[in-house]
Amino acid sequence: MPNFSNVETSGYVGFANLPNQVHRKSVKKGFEFTLMVVGESGLGKSTLVNSLFLSDLYPERVIPNAVEKQNMTVKLDASTVEIEERGVKLRLTVVDTPGFGDAIDNSDSFSAILEYIDEQYERFLRDESGLNRRNIVDNRIHCCFYFISPFGHGMKPLDIEFMKKLHCKVNIVPVIAKADVLTKKEIQRLKCRILQEIEDNGIKIYPLPDCDSDEDEDYKEQVRQLKEAVPFAVCGSTTLLEVKGRKVRGRLYPWGVVEVENPDHCDFIKLRTMLITHMQDLQEVTQEVHYENYRSERLAKSVRKNTNSVIKEENGGAGIVPGEVLSEKDRILREKEEEIRRMQEKLAQMQAKFQAQK
């Protein structure tokens, strides 16, 4: 038995070591993140994702020809890769949406995407209510990069309709694709136009969280620049080129080289910084806002269904239901209604908080 009689009780206790314990446990467990990329074909979605994570997530992809595209429907292609950096493991899942916006009639092009997002919420809800809650695999969509074509004067009706359908289900980050086809003035003009259209249509994109007053100035400046860069104008490339004696990833044109990781050429670095530095916040918003919203709606449907079944039993010809069975059902219904009310209040407070941060 250790002797604690000589231990100094007024000195350092050691609670400051708690973050290190959490850090070690998190690193050992690893992290999970799911990114969805949505946009028309030919906007460089796959190239950008490969550039962001320095991985080939689509080694066996076959590009359909024009005839095949006419008959294509939207399908979802999930690719998972394990990334390790300085001992930290990340299980990254990228969900691509080939066929989106390629048909002549795109009125039903986002139904498959909506169904997929709801399926992941439903699977998580089912696992959360099951026996093996310790080893739940989180495949919920934490972030959605929505690619907007640079060849136009803003967003298309399909872009607006898609964002309005999904902004209450997932964190949307708008991205202007292939920004190297535009001049700086054209990019700035297009950004202003897109932001105005987002505001006019009441679309809620992912709001970068505000900095606390005790944050250092460098971090505050970084967040300010990231907020000003939305929507991010990017271009991607996995090709290594030599420019002035150094290796860079870029695109070679007759007039020069567009460097992907040069902040003067595009917002690629800012987009990657936003994703990496706010990955935890994206997961928290998914859990506390979007998932709770789905869960409360799901429970509300269950309550209505149970209520209807009780009323049917009371008024139907199925015989007299024992009083104690009905009272038990009433108790369960009241508990669920109270839980839904509490969750809706909490959800409204969180949504008001995130709206105030915009």
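Source: prediction; values computed, not measured.

Taken together, the 6 strands give an open sheet; going across it, the order is β2-β3-β1-β4-β5-β6, and neighbouring strands pair in mixed fashion. Sheet topology places β2 (77-85) and β6 (232-233) at the edges, where each strand pairs with a single neighbour. In this structure, strand β4 (residues 143-148) lies alongside strand β5 (residues 172-176), joined through 5 bridges in parallel fashion. Note on β5: the bridge partner recorded for Tyr146 is Pro174. Against the sheet, helix α4 (residues 111-128) touches β1 (31-38), β2 and β3 (88-96), its axis set at about 170° to β1. Along the sheet, helix α5 (residues 157-166) makes contact with β1, β4 and β5, crossing β4 at roughly 170°.

Here we come to the pairing of β3. For β1 and β3, the ladder comprises 7 bridges, and the chain directions are parallel. Paired with Thr34 across the two strands is Thr93, which belongs to β3. Strand direction decides the pairing type here: β2 and β3, joined by 9 bridges, are antiparallel. Bridging from a neighbouring strand, Ile83 pairs with Leu90 of β3. Where β2 folds back onto β3 in an antiparallel hairpin, the turn is made up of 2 residues, including Arg86, whose phi is positive at roughly 55°.

Attention now moves to the packing of aromatic side chains. Following the criterion strictly, the structure yields 5 aromatic pairs and no others. Ring centres of Phe124 and Tyr291 lie 5.2 Å apart, and the angle between their planes is 85°; on these two criteria the pair is classed as edge-to-face. Of this pair, Phe124 sits in helix α4 while Tyr291 sits in helix α9 (residues 279-315), and the two are 167 residues apart along the sequence. By the burial criterion, Phe124 is buried, and Tyr291 matches it. With 4.9 Å between their ring centres and 20° between their planes, Tyr146 and Phe162 make a pair best called stacked. Here the residue Tyr146 occupies a position in strand β4, and Phe162 occupies one in helix α5, the gap between them amounting to 16 residues. Side by side, Tyr146 and Phe162 carry an identical accessibility label, which is buried. Ring pairing ties together the aromatic residues Tyr121, Phe124, Tyr291 and Tyr294, which thus form one cluster. The ring centre of Phe124 lies 3.7 Å from the NZ or CZ of Arg140, which sits over that ring. The cationic tip of Arg140 hangs over the ring face of Tyr291; the distance from NZ or CZ to the ring centre is 4.8 Å.

Moving on, we get to the UniProt feature "site: Important for dimerization" (unreviewed entry) in the protein chain. Following the UniProt record, the feature "site: Important for dimerization" (unreviewed entry) maps to Phe151 here. Structurally, the position occupied by Phe151 is in the loop between β4 and α5. Assessed through its relative accessible area of 59%, Phe151 is described here as exposed.

Time to look at helix α8 (residues 268-277). When we look at burial in α8, the residues that qualify are Phe268, Leu271, Met274 and Leu275. Along the long axis of α8, the arc covered by the buried residues comes to 130°, so they all point the same way.

Looking at where Ser296 falls in the secondary structure, it is placed in helix α9. Classification of Ser296 as buried rests on a relative accessible area of 4%. Residues Ser296 and Met343, spaced 47 residues apart in sequence, show a C-alpha to C-alpha distance of 6.6 Å. Not counting residues within four places of it along the chain, the set of residues in contact with Ser296 comprises Ile340 and Met343. In terms of polar contacts, Ser296 uses its side chain to reach the backbone carbonyl oxygen of Asn293, at 2.9 Å.

With that settled, consider the pattern of salt bridges. The final tally for this structure, using the stated rule, is 15 salt bridges. We note a salt bridge from Glu40 to Lys156, for which the minimum N-O separation is 2.9 Å. On the criterion of sequence distance, the pair formed by Glu40 in the loop between β1 and α2 (45-53) and Lys156 in the loop between β4 and α5 is long-range, its members being 116 residues apart. Across the pair Arg298 and Glu122 runs a salt bridge whose closest N-O atoms are separated by 2.8 Å. Remark: Glu122 occurs in helix α4 and Arg298 occurs in helix α9; sequence separation between them is 176 residues. Arg298 gets classed as partly exposed once you look at its relative accessible area, which sits at 34%. Judged by its relative accessible area of 19%, Glu122 falls in the buried class. Among the charged side chains, a network of salt bridges with common partners joins Glu221, Arg224 and Glu228.

What counts as what
Residues numbered from 1 in each chain as written. Predicted model: local features only at pLDDT ≥ 70, side-chain atom pairs only at ≥ 80, totals over all residues. Heavy atoms only, no water. Pairing = 2+ DSSP bridges. Helix = DSSP H or I, 4+ residues; strand = E, 2+ residues; numbered from the N terminus. Contact = heavy atoms within 4.5 Å. Axes fitted to C-alpha atoms, helices over the stretch in contact; angles between N-to-C directions. Phe/Tyr/Trp six-rings, centres within 6.5 Å; stacked < 30°, edge-to-face > 60°. Buried < 20%, exposed > 50% of the residue type's maximum accessible area, 1.4 Å probe, protein only. Lys NZ or Arg CZ within 6 Å of the ring centre and 35° of its normal. UniProt positions renumbered as here; feature names shortened; annotations may be inferred. Arc of directions from axis to C-beta. Polar contact = N/O pair within 3.5 Å; in protein donor to acceptor, adjacent residues only side chain to side chain. Salt bridge = Lys/Arg side-chain N within 4 Å of Asp/Glu carboxyl O.

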